Amino acid sequence: MRDWWLRTLLVLQRPRPVFVALRDESRESLSDRAEPIMAIVALAGIAVVLATGTASHLMDQNVYDPGSQYDNVDVAIWALLAGGIIGIFGYFGIGVLLHLPARWLGSQGTFRRNRQIVAFAATPIALSIVLVPLRLALFGDAIFRTRCLHRCPP
């Protein structure tokens, strides 16, 4: 199992051996790489959600409903739930978008392998999540607020 955790980081430096290792579809290999793939998918989904424009407005005070402002816990829960949904959708949705043309072009790969290719290709996106604590340290919760340009409450 430790080999697949190391391959998860190795995919950034030398991706070819990692993608070649995906050809091993033995039960042991499949179970060993399940956790790293799940971690990549979840972290990539959370990173994508936190990079959206919606995240930059979460803590804004609503002019029409001042009691609807999110707090830090709400933002964390939103990021986990929305990130999980986006990660799963990306894993299966983009996996289908890779699998169908690949089969049409004569690939012998399985849908599972194509999904796992998508997961390991998303490793740089998943690692971008390490920038969030840095942004929080520099700017605080201002990364979830925008400047009010008009009709701002006092």
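Residues numbered from 1 in each chain as written. Predicted model: local features only at pLDDT ≥ 70, side-chain atom pairs only at ≥ 80, totals over all residues. Heavy atoms only, no water.

Student: When you look at the nonpolar core in this model, what are you seeing that I'm missing?
Tutor: Here is a general trend for soluble globular proteins: nonpolar side chains tend to be buried in one another's company. Counting 14 residues, the largest nonpolar core has W4, I37 and F120 as the members making the most contacts within it. For this core, the secondary structure elements donating two or more residues are α1 (2-13), α2 (15-21), α4 (34-50) and α6 (111-121). Apart from residues lying up to four places away in sequence, I37 is in contact with Y91, Q116, A119 and F120. Counting residues in each nonpolar core, the second largest holds 12 residues, with I129, V132, I143 and F144 among its members. (Core = buried A, V, L, I, M, F, W, Y, C linked by side-chain atoms within 4.5 Å. Buried < 20%, exposed > 50% of the residue type's maximum accessible area, 1.4 Å probe, protein only. Helix = DSSP H or I, 4+ residues; strand = E, 2+ residues; numbered from the N terminus. Contact = heavy atoms within 4.5 Å.)

Student: Got a minute to help me understand the side chain of H99 in this structure?
Tutor: Topologically, H99 is positioned in helix α5 (residues 72-104). The exposure class assigned to H99 is buried, which follows from its relative accessible area of 13%. A distance of 2.7 Å separates the side chain of H99 from the side chain of N114, its partner in a polar contact. For H99, the residues in contact, after removing those within four places along its chain, are G109, T110, F111 and N114. (Polar contact = N/O pair within 3.5 Å; in protein donor to acceptor, adjacent residues only side chain to side chain.)

Student: Would you explain α1 in this entry?
Tutor: Quick reminder: α-helices carry 3.6 residues per turn. Residues three or four places apart thus point the same way. Helix length check: α1, at 12 residues, gives a terminal C-alpha distance of 18 Å against a target of 16 Å (1.5 Å per residue), a fit within 8%. Those residues of α1 not exposed but buried are W4, T8 and V11. Summarising the axial view, the buried residues of α1 lie within an arc of 65 degrees, below the 170-degree limit, and thus occupy one face. Turned more than 90 degrees away from the buried face of α1 sit R2, L9 and Q13, all of them exposed. (Expected span 1.5 Å × (residues − 1). Arc of directions from axis to C-beta.)

Student: Even after reading the chapter, I still don't get the packing of aromatic side chains, so can you show me in this structure?
Tutor: In total, this model carries two aromatic pairs according to the counting rule given. Judged by centre distance (5.7 Å) and plane angle (40 degrees), the ring pair of W4 and F120 falls under tilted. With W4 in helix α1 and F120 in helix α6, this pair connects stretches of sequence that are 116 residues apart. Between Y91 and F92, the aromatic rings sit 5.1 Å apart at their centres with planes inclined by 75 degrees, giving edge-to-face as the arrangement. Take Y91: its relative accessible area is 13%, and that puts it in the buried class. F92 gets classed as partly exposed once you look at its relative accessible area, which sits at 39%. Just above the ring of W4 sits the side chain of R7; from NZ or CZ to the centre is 4.6 Å. The ring of F111 is capped by R115, whose NZ or CZ atom sits 4.8 Å from the centre of that ring. (Phe/Tyr/Trp six-rings, centres within 6.5 Å; stacked < 30°, edge-to-face > 60°. Lys NZ or Arg CZ within 6 Å of the ring centre and 35° of its normal.)

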